[in-house]
Amino acid sequence: MSAASTSILLVGESGVGKTHYGAQLLKRLMKGDGRLRMNGAATNLEPFEAALESLNEGKAAGHTATSTYIDSVWPVSDGGDHRGEMVWPDYGGEQIRNIIAARRVPNSWGTRVREAAAWLLMIRLQQTRLEDDIFSRPLADLRGSSIENREVQVSDQARLIELLQMLTFSSGATGQRPLKRPHLGILLTCWDELSSEETPSETLRARLPMLWAFVHSSWRSPSILGLSALERPLSPRDRDMEYVSQGPEHFGYVVEPDGSKSPDLTIPIQLLLSTLR
Ligand SMILES: Nc1nc2c(ncn2[C@@H]2O[C@H](COP(=O)(O)OP(=O)(O)OP(=O)(O)O)[C@@H](O)[C@H]2O)c(=O)[nH]1
Ligand SMILES: [Mg+2]
């Protein structure tokens, strides 16, 4: 099997938690006590190592600069037949926002989405606007509001659907639905902020029903998981002394599709990898 056919691309807007997940995952993969471990030399780990240093001090790391576009490629394996590569472009998430706003997929991204066998889309529900959109706003509310001055914004779920449609189009996956390739995983990040007792799929369905429906009509069995890479909020200035004394590797969990929690942060990647045969 060629390396390109088992690569997983991580996609997420700014502030969803890509860098912090990367830092936490890196440590687990190196330690190798989860379902996946590092299987060779990873490239360009600097942004993640810098974030890990902040976590070791009990602090949150900073935002990744927009221009930063470093391909960090991590070879991973489950110790058995499943081997793959995570393509972790530690880009500032504005690049994703720009793709949506400009409706243009840059060449670098075109190549990336074409080469990946699976995409892992990270969404931070707390960051998505829950305001009414045109479909949910009662018409009576519109009466009296000035049409000229009202800024019309597309809802967040419509934006995410558009992003998936653009990426699907540029990947050349224009065949019959549900799509076989690329596989899709959705990771609901910063799960600790949600205080949801439901499964990740139910939570996504309740919060972003149109996106949920789109994803289920376009992919046969998208894997939807929850993630709290840090387990609690951290400040960039004040140190969290428990983090310092216990170490960041004792924090963070994944919520599996059935709702059960596991401290093994490699599960979302391992589940996607196991579908790529
Ligand atoms: N509560 C909580 N906050 C988190 C978690 N993971 C990340 N954060 C916070 O979310 C913010 C954004 O995280 P980043 O990892 O920098 O996000 P990013 O996707 O890399 O963002 P860009 O670099 O701007 O693209 C930071 O302030 C983190 O402290 C988590 O599991 N729980
Ligand atoms: Mg970042």
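Let us look at the structure shown here. Within every chain, residues take consecutive numbers counted from 1 along the sequence as written. The lettering of chains begins at A and the numbering of ligands begins at 1, in the order of writing. In keeping with the predicted nature of the model, local features appear solely for residues at pLDDT of at least 70, side-chain atom pairs appear and are counted solely at 80 or more, and the whole-chain, interface and lining totals rest on all residues. Neither water nor hydrogens contribute to the side-chain values; these are computed over all heavy atoms in the structure.

1. Let's talk about helix H6 (residues 156-170)
This is how the line gets drawn: Labels follow the DSSP assignment, with helices taken as runs of H or I lasting at least four residues and strands as runs of E lasting at least two, numbered in each case from the N terminus. To estimate how far a helix should extend, the number of its residues minus one is multiplied by 1.5 Å. Each residue gets one of three labels from its accessible area relative to the maximum for its type: buried under 20%, exposed over 50%, partly exposed in between, using a 1.4 Å probe on protein chains only. The contact definition used throughout considers only heavy atoms, calling two residues in contact when any of these lie within 4.5 Å.
For H6, built from 15 residues, the straight-helix expectation of 21 Å at 1.5 Å per residue is met to within 8% by its first-to-last C-alpha distance of 21 Å. A large share of H6 lies buried, amounting to 12 of its 15 residues. For H6, every residue scored as buried is listed here: Asp 156, Gln 157, Ala 158, Arg 159, Leu 160, Ile 161, Leu 163, Leu 164, Met 166, Leu 167, Thr 168 and Ser 170. Among the structural elements, strand E1 (7-12), helix H3 (94-102), helix H4 (107-115), strand E5 (118-123), strand E6 (183-188) and helix H8 (209-218) are those in contact with the buried residues of H6. Gly 172 occupies a position one or two residues after H6 and carries a positive phi of about 85°.

2. Looking at the environment of Gly 259
Along the chain, the position of Gly 259 falls in the loop between strand E8 (253-255) and strand E9 (261-262). Excluding residues within four positions of it along the chain, Gly 259 makes contact with Thr 199 and Pro 200.

3. Description of the site of ligand 1
Note the following rule: When we say a residue is near a molecule or strand, we mean one of its heavy atoms is within 4 Å of it. Counting of polar contacts relies on pairs of N or O atoms within 3.5 Å, with two restrictions inside protein: one atom must be capable of donating a hydrogen and the other of accepting it, and residues adjacent in sequence are counted only when both atoms are side-chain atoms. Only the protein chains shown count as cover for residues, with accessible areas throughout obtained via the Shrake-Rupley method and a probe of 1.4 Å. Throughout, the protein atoms alone are placed on a 1 Å grid, and a set of points is a cavity if a 1.4 Å probe fits but cannot get out or a pocket if it is open with protein on both sides within 12 Å along at least five of seven lines; lining residues have an atom within 4 Å of a point. Here the criterion for a molecule occupying a pocket or cavity is that more than half of its atoms lie within 2 Å of the pocket grid points. Polarity classes work like this: nonpolar for Ala, Val, Leu, Ile, Met, Phe, Trp, Tyr, Cys and Pro, charged for Asp, Glu, Lys and Arg, and polar for all others, with Gly in that last group.
The full set close to ligand 1 counts 24 residues, and Ser 14, His 20, His 63, Thr 64 and Gly 93 are the nearest of them. Between ligand 1 and Leu 230, the relevant distance is 3.0 Å, taken from an oxygen atom to a main-chain nitrogen or oxygen of the residue. Against a free-state accessible area of 650 Å², the protein chains account for coverage of 90% of ligand 1. Here ligand 1 is seated within the second largest pocket. Looking at the shell around ligand 1, the element that brings in the most residues is helix H1 (residues 18-31), giving three residues. Classifying every residue of the shell around ligand 1 gives seven nonpolar, 11 polar and six charged.

4. A word on the pattern of salt bridges
For clarity, the threshold we go by: Definition used for salt bridges: Asp or Glu carboxyl oxygen within 4 Å of a side-chain nitrogen of Lys or Arg.
Per the counting criterion, the structure on display carries 10 salt bridges. One salt bridge in this structure joins Arg 35 and Glu 256, with 3.5 Å as the shortest N-O distance. Here Glu 256 lies in the loop between E8 and E9 and Arg 35 lies in the loop between H1 and strand E2 (37-38), a separation of 221 residues in the sequence. The shortest N-O distance in the salt bridge between Glu 242 and Arg 232 comes to 3.1 Å. Here Arg 232 lies in the loop between strand E7 (223-228) and helix H9 (241-246) and Glu 242 lies in helix H9, a separation of 10 residues in the sequence. With relative accessibility at 38%, the residue Glu 242 sits in the partly exposed group. Under the relative-accessibility criterion, Arg 232 is labelled partly exposed at 24%.

5. Examining the packing of H3 against H6
Here is the rule we go by: All axes are obtained by fitting lines to C-alpha atoms, using only the stretch in contact for helices, and the reported angles, taken between N-to-C directions, cover 0 to 180 degrees. Throughout, the term roughly parallel applies to angles under 35 degrees, roughly antiparallel to angles over 145, roughly perpendicular to angles from 65 to 115, and oblique to all others.
Packing of H3 against H6 leaves a shortest axis separation of 10 Å and a crossing angle of 85°. Between H3 and H6, the interaxial angle falls into the category roughly perpendicular. Across the interface between the two elements, Ile 96, Arg 97, Ile 99 and Ile 100 from H3 touch Arg 159, Leu 163 and Met 166 from H6. Per-class residue counts for the contact of H3 with H6 are five nonpolar, no polar and two charged.

6. With respect to the sheet that holds strand E3 (residues 71-77)
Picture the strands of a sheet paired through backbone hydrogen bonds; they go either parallel or antiparallel. Short version of the rule: We treat two strands as partners when DSSP finds at least two bridges between them.
The nine strands lie next to each other as E2-E3-E4-E1-E5-E6-E7-E8-E9, forming an open sheet whose pairing is mixed. Each edge of the open sheet is held by one strand with a lone partner, namely E2 and E9.

7. With respect to a negative patch on the surface
For clarity, the threshold we go by: For patches, a residue must show more than 30% relative accessible area and have no salt bridge; joins then use 9 Å for like charges and 5 Å for nonpolar side chains, namely Val, Leu, Ile, Met, Phe, Trp and Tyr. Positive charge is attributed to Lys and Arg, negative charge to Asp and Glu, and no charge count is given to His or to the chain ends. Charge placement uses NZ in Lys and CZ in Arg. For Asp and Glu, CG and CD serve respectively.
A cluster of like negative charges, contributed by Glu 46, Glu 49, Glu 53 and Glu 57, occupies part of the molecular surface. Note that Glu 57 resides in the loop between helix H2 (46-56) and E3. Judged by its relative accessible area of 36%, Glu 57 is partly exposed.

8. Regarding the nonpolar core
To be explicit about the condition: Each nonpolar core is a collection of buried residues, namely Ala, Val, Leu, Ile, Met, Phe, Trp, Tyr and Cys, held together in the definition by side-chain atoms within 4.5 Å.
The biggest cluster of nonpolar side chains holds 36 residues, and the ones touching the most others in it are Trp 119, Ile 123, Leu 164, Leu 204 and Leu 211. Counting residues per element, the ones that place at least two in this core are E1, H3, H4, E5, H6, E6, H8 and E8. By residue number, the principal contributor to this core is H6, which donates six residues. Each residue touching Leu 211, except ones within four places of it in the same chain, is listed here: Ile 123, Gln 157, Leu 160, Ile 161, Leu 164 and Leu 204. The next biggest cluster of nonpolar side chains, apart from the first, holds 30 residues, and it includes Leu 10, Ala 117, Val 254 and Ile 267.

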